[in-house]
Amino acid sequence: MPSIVNIAAQALQRRIIDGEFPVGSALPSQRELAEQLLISRASLREAISTLETLGLVRSQPGKGVFVTAGRQPDPTDPPRGTATMTPHALMEFRAALEPAWSGLAALRIDQAGRERLESIQQGMEDALKACDLVMASDWDLRFHLCLAELSGNPGLIDTARLFREQIGHSLRLPFSNPARIWEPADEHRQIIEAVLAADPAGASRAMRGHLTASAGRIGLPSPFFDSLPEPRS
């Protein structure tokens, strides 16, 4: 079930796609939008933050929020990170954890886990077909958290849950590149294939490739990922 924030973000996304808010135009005031969507201003700010990370809008302090949908991200003005980590730090953090939990998931996958991964993948692909970046990024987060849970390691599971917001922010950033929004889903397929084949080394390698590609999609260097040692079989 989508959260209130995601529902609001979807509603604004639809109005942008339908041309009600054309590229270059300013969104109505937060007070007006909150009243229209029947949500608090705090929830609205979260929804706008989601859209900004996805590259659909851009906040300009003192001026308002402007529609940027369909424009290539400006590499000289990268999206902001969370309060505690830059986009590059987030990618480094994920690179240190996600290949490990993907490999463990491949070791411990069961039928229920297989069905969960396939269902999440289908949800993400359906959202992309509908050009719903809000839900596509939500399914993306579910995929990565599911792999952590399938690892069966309490420490990794707790870490994934604790840093859910930061991981979700990092996952939304590559969707700001409109020409490459299908690439994460295609890379997920490679990870799933390795996990379902009970191939831990292959699953770790596929996740590392996914993270490296994700960094590239937002113009980040990836020497840290390239220098990591290959997991042993």
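Above this text you will find the structure in question.
In this text, all values refer to a predicted model and were calculated from it rather than measured experimentally.

S.K.: What is the right way to look at the overall build of the chain in this model?
M.R.: Regarding its fold elements, the chain presents eleven helices and two strands. Along the chain, helices and strands appear, N-terminal first, in the series α-α-α-β-β-α-α-α-α-α-α-α-α. Look at the contacts in the chain between residues 6 or more apart in sequence, and 70% of them connect residues 24 or more apart.

S.K.: Just checking my understanding: could you explain the packing of helix α4 (residues 87-108) against helix α10 (residues 200-217) for this structure?
M.R.: Helix-helix packing is characterised by the crossing angle of the two axes and by the distance between the axes. Where α4 meets α10, the closest approach of the two axes is 7 Å, and the angle between their N-to-C directions is 155°. Looking at the two axes, α4 sits roughly antiparallel to α10. As α4 runs across α10, the sense of the crossing is right-handed. Contacts between α4 and α10 involve M91, R94, A95, E98, P99, S102, G103, A106 and L107 from the first element and P200, A203, S204, M207, R208, L211, S214 and A215 from the second. In terms of residue class, the contact of α4 with α10 is made up of ten nonpolar, four polar and three charged.

S.K.: Any chance you could explain the nonpolar core here in plain terms?
M.R.: The nonpolar side chains of a soluble globular protein tend to be buried, and buried together. If you look at the biggest cluster of nonpolar residues, it comprises 35 residues, and the most contacted ones within it are W101, L117, F143, L147, L150, I191 and V195. At eight residues, α4 tops the list of elements feeding residues into this core. If we skip the residues at most four places from it in the chain, W101 touches H144, L147, A148, S151, L156, A160 and I167. Counting 31 residues, the second-largest nonpolar core is a separate cluster that includes I16, V65, V67 and M124.

S.K.: Whenever I open this one, α4 confuses me. Can you help?
M.R.: End to end, α4 covers 31 Å across 22 residues, agreeing with the expected 32 Å (1.5 Å per residue, within 8%). Largest kink in α4: about 30°, centred on A95, with the proline P99 one to four residues after it.

S.K.: Would you take a moment to explain the packing of helix α1 (residues 4-17) against helix α2 (residues 30-37) for this structure?
M.R.: At a minimum axis separation of 11 Å, α1 and α2 run at an interaxial angle of 105°. The orientation of α1 relative to α2 falls into the category roughly perpendicular. For the pair α1 and α2, contact is made by A8, A11, L12 and R15 and by L33, Q36 and L37, respectively. In terms of residue class, the contact of α1 with α2 is made up of five nonpolar, one polar and one charged.

Conventions and cut-offs
The numbers attached to residues start from 1 for each chain and follow its sequence in the written order. Only residues with pLDDT of at least 70 get local features here, since the model is predicted, and only at 80 or more are side-chain atom pairs given and counted; chain-wide, interface and lining totals rely on the full set of residues. Heavy atoms throughout the structure, all of them, feed into the side-chain values; hydrogens and water do not. Secondary structure is summarised from DSSP: a helix means a run of H or I of at least four residues, a strand means a run of E of at least two, and numbering begins at the N terminus for each. Any pair of residues with heavy atoms lying within 4.5 Å of one another is described as a contacting pair. As a rule, the C-alpha atoms of each element are fitted with a line to give its axis, helices using only the stretch in contact, and angles between N-to-C directions run from 0 to 180 degrees. Roughly parallel means an angle under 35 degrees; roughly antiparallel, over 145; roughly perpendicular, 65 to 115; everything else is oblique. Note: crossing handedness is left-handed where the near helix turns anticlockwise from the far helix by less than a right angle, and right-handed where it turns clockwise. Amino acids are sorted into nonpolar (Ala, Val, Leu, Ile, Met, Phe, Trp, Tyr, Cys and Pro), charged (Asp, Glu, Lys and Arg) and polar (every other residue, Gly among them). We call a set of buried residues a nonpolar core when its members are Ala, Val, Leu, Ile, Met, Phe, Trp, Tyr or Cys and they connect through side-chain atoms within 4.5 Å of each other. Categorising residues by exposure relies on relative accessible area from a 1.4 Å probe, with only protein chains included: less than 20% of the type maximum marks a residue as buried, more than 50% marks it as exposed, and the intermediate range marks it as partly exposed. By this rule the span expected of a helix is its residue count minus one, scaled by 1.5 Å. To obtain the bend at a residue, axes are fitted to the seven residues ending there and to the seven starting there, and the angle between these axes is taken.

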